[in-house]
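Survey of secondary and tertiary structure
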Amino acid sequence: MSQNFVPGQPVSVVTQRIEIQKLQHGDHLILGFSIGGGIDQDPSQNPFSEDKADKGIYVTRISAGGPADVAGLRMGDKIMQVNGWDMTMMTHDQARKRLTKKKENVVRLLVTRKSLEDAVKHSMCSYPKQIQAKPGFKD
């Protein structure tokens, strides 16, 4: 997220798996969240990305008490995968269609969020460094 992302190149991020059980509402299956972004959108308009060239798919709204909220999805989460499908190079419409497939009652997301990356960075910085014994030193 805060790194330089080059389309088509491997990316290393801290991810979290979230499983959302869709809610039946009449003829519709509801996820309880909205998305923004995509390779066809203007990335400078994305309020959640530090890198204003990032064309990823982000969660822009969560319905309180809805399926996504209950599953732990958060506003600002970047969706990396949906049911195993890569979401990093999709248009907004392709992403929307992938999320709302009628035959899928469960959506398994792989997301990354700034707080996850910050927590890992913090834990790596505060982890005590191992001290190597000087040559000739015996226990």
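Model, not experiment: these values are computed from the prediction.

With that settled, consider the side chain of K22. Along the chain, K22 turns up in the loop between β1 (16-21) and β2 (23-25). Salt bridges are absent for the buried K22, whose nearest opposite-charge side chain, E104, sits at 5.0 Å. Beyond its immediate chain neighbours, meaning those up to four positions away, K22 contacts L29, I30, L31, L99, T100, K101, E104, N105 and V107.

Tallying each qualifying case throughout the model produces 0 aromatic pairs. The ring of W85 is capped by R98, whose NZ or CZ atom sits 3.9 Å from the centre of that ring.

Before going further, it helps to examine helix α2 (residues 92-99). If you check which residues of α2 are buried, you get A95, R98 and L99. Axial view of α2: buried residues confined to an arc of 95°, hence all on one face. Against the buried residues of α2 lie β4 (33-37), β5 (57-62), β6 (78-82), β7 (85-86) and β8 (106-112).

In this section: the pattern of salt bridges. For the coordinates displayed, the defined rule picks out 5 salt bridges. D93 serves as the salt-bridge partner of R96, at 2.5 Å between the closest nitrogen and oxygen. Of the two residues, R96 and D93 are both situated in helix α2; the distance of 3 residues between them amounts to about one turn of the helix. The exposure class of R96 is partly exposed, given its relative accessible area of 38%. A salt bridge links K97 to D93; its shortest N-O distance comes to 3.2 Å. Of this pair, K97 and D93 both sit in helix α2, 4 residues apart, which is roughly one turn of that helix. For K97, a relative accessible area of 48% corresponds to the partly exposed category. Overall, D93 belongs to the partly exposed group, its relative accessible area being 33%. A single network of salt bridges, built from pairs that share partners, joins D93, R96 and K97.

About the cut-offs
- The residue numbers shown here count from 1 along each chain, following its written sequence.
- Only residues with pLDDT of at least 70 get local features here, since the model is predicted, and only at 80 or more are side-chain atom pairs given and counted; chain-wide, interface and lining totals rely on the full set of residues.
- Hydrogens are left out, water is left out, and the side-chain values use all remaining heavy atoms of the structure.
- Each helix is a run of DSSP H or I of at least 4 residues and each strand a run of E of at least 2, with the numbering of both proceeding from the N terminus.
- The buried label applies to any residue whose accessible area, calculated with a 1.4 Å probe on protein chains only, is under 20% of its type's maximum; exposed applies above 50%, and partly exposed to all values in between.
- For the charge count, each Lys or Arg is scored as positive and each Asp or Glu as negative, with His and the chain ends excluded.
- We define a salt bridge as a contact between a side-chain nitrogen of Lys or Arg and a carboxyl oxygen of Asp or Glu at a distance within 4 Å.
- By definition in these notes, contact holds between two residues if any of their heavy atoms fall within 4.5 Å.
- Stacked, tilted and edge-to-face are the three classes applied to pairs of Phe, Tyr and Trp rings, where Trp contributes its six-membered ring and a pair requires centres within 6.5 Å; stacked means planes under 30 degrees apart, edge-to-face means over 60, and tilted covers the rest.
- In this analysis the charged atom, NZ for Lys or CZ for Arg, is taken to sit over a ring once it is within 6 Å of the ring centre and within 35 degrees of the ring normal.
- Throughout, the arc means that of the directions going from the helix axis to the C-beta atoms.

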